[in-house]
Amino acid sequence: MVPSHTNLLIFTAKLIALLCIAFLILAFFPHYAHHLLLVLAAALAISGAGSLLKYKSQRNWIESKADLLSCGEQVEEVHVSEYSKLKHYYPIIDYAYSVDGKSYTGNSASNEKENLWVPEVNSWGDPTPASDRWWSSLKPGDNVPVFINPRDHSEAVLVKDVTKARRSHHLALLIGGILIGLIWLALVFFNYTLPLP
């Protein structure tokens, strides 16, 4: 897994690059500046909808059994404010399964670690019960349920459902993209319908 500070640096670099591109467009092509809203709307909507559709497609995946090869835990600190971080725990799992006599190995517990991770404390500041980290009771050799892509048996996950928190996150991205897209449409519409002075 990539350390959280590396993820932060990558995100910051991408954000700076996007801001530089936006500035160049505003400076040299002001007539096309409104298209930045369209690009932002599309990026948000595609990101949110793509993740939700991925989870939806997994509803039809084949349920089987997998042999647990190894199970560990990763800790990631997430910035919740300028001066504080919150630890999140999630599993690192390797497993083996077979389909139609052919053996496969996998290490995807879910589509994204954020769908599984458990914060150190809840929203009230109370410590999260250790039992919420369900993977801590697993050990090599255990049989665990696995969900296998019927079109590509090499693709599998242990948890196919999306949590309410992740669903809300992806819905917020989708709705935000749609709203920004509507704002762009309104700007274009009024730009072409209002009489010039």
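Residues numbered from 1 in each chain as written. Predicted model: local features only at pLDDT ≥ 70, side-chain atom pairs only at ≥ 80, totals over all residues. Heavy atoms only, no water.

Participant: Which residues make up the overall build of the protein, and what values go with them?
Facilitator: Across its full length, the protein holds 3 helices and 6 strands. Counting helices and strands in the order they occur from the N terminus, the protein gives α-α-β-β-β-β-β-β-α. In the protein, buried positions account for 26% of the 197 residues. Contacts in the protein between residues far apart in sequence, at least 24 positions, make up 67% of those at least 6 positions apart. Carbon and sulfur atoms provide 64% of the accessible area of the protein, an area that totals close to 13400 Å². (Helix = DSSP H or I, 4+ residues; strand = E, 2+ residues; numbered from the N terminus. Buried < 20%, exposed > 50% of the residue type's maximum accessible area, 1.4 Å probe, protein only. Contact = heavy atoms within 4.5 Å. Areas by Shrake-Rupley, 256 points an atom, 1.4 Å probe, with all protein chains shown as cover.)

Participant: Can you explain unusual backbone geometry? Please cite residues and give values.
Facilitator: In this structure, Asp100 takes a positive phi of about 55° despite not being glycine. Looking at where Asp100 falls in the secondary structure, it is placed in the loop between β2 (85-99) and β3 (102-106). The class of Asp100 is exposed, set by a relative accessible area of 75%.

Participant: Give me the lowdown on the pattern of salt bridges, citing residues and values where you can.
Facilitator: A full pass over the atoms with the stated rule returns 7 salt bridges. We note a salt bridge from Glu73 to Arg133, for which the minimum N-O separation is 2.9 Å. Taken as a pair, Glu73 in strand β1 (residues 62-79) and Arg133 in the loop between β4 (118-119) and β5 (143-148) lie far apart in primary sequence, 60 residues in all. Taking relative accessible area as the criterion, Arg133 reaches 22% and is therefore assigned partly exposed. Where Lys113 meets Glu114, a salt bridge forms, and the shortest distance between an N and an O atom there is 3.9 Å. One salt-bridge network, held together by shared partners, links Glu76, Lys113 and Glu114. (Salt bridge = Lys/Arg side-chain N within 4 Å of Asp/Glu carboxyl O.)

Participant: Talk me through the environment of Ala109; I want residue IDs and the actual numbers.
Facilitator: With respect to the helices and strands, Ala109 occurs in the loop between β3 and β4. Considering only alpha carbons, one finds Ala109 and Ala156, 47 residues apart in sequence, at a separation of 8.2 Å. Leave out the neighbours within four places in its chain, and Ala109 touches Pro91, Leu116, Val157, Leu158 and Val159.

Participant: An account of the packing of aromatic side chains is needed here, citing residue identities and associated values.
Facilitator: According to the stated counting rule, one finds 3 aromatic pairs in the structure shown. Three or more aromatic residues joined by ring pairs form one cluster here, namely Tyr95, Tyr97 and Tyr104. Lying over the aromatic face of Tyr89, Arg133 brings its terminal NZ or CZ to 3.9 Å of the ring centre. (Phe/Tyr/Trp six-rings, centres within 6.5 Å; stacked < 30°, edge-to-face > 60°. Lys NZ or Arg CZ within 6 Å of the ring centre and 35° of its normal.)

Participant: Account for a positive patch on the surface, with residues named and values stated.
Facilitator: Taken together, the side chains of Lys56, Arg59, Lys164 and Arg167 define a basic patch exposed on the protein surface. With respect to the helices and strands, Lys56 occurs in helix α2 (residues 35-57). (Patch = residues over 30% accessible without salt bridge, like charges linked within 9 Å, V, L, I, M, F, W, Y side chains within 5 Å. Lys, Arg positive; Asp, Glu negative; His and termini not counted. Charge placed at Lys NZ, Arg CZ, Asp CG, Glu CD.)

Participant: For the pairing of β5, give the residues involved together with the corresponding values.
Facilitator: Of the pairings in the sheet, the one linking β1 to β5 comprises 6 bridges and is antiparallel in character. The residue bridging Lys65 from the neighbouring strand is Pro145, located in β5. (Pairing = 2+ DSSP bridges.)

Participant: Got a sec to walk through α2? Specific residues and values, please.
Facilitator: Look at α2: 32 Å from first C-alpha to last across 23 residues, which is about the 33 Å you get at 1.5 Å a residue. Burial in α2 covers these residues: Ala41, Ala45, Gly48, Leu52 and Tyr55. (Expected span 1.5 Å × (residues − 1).)

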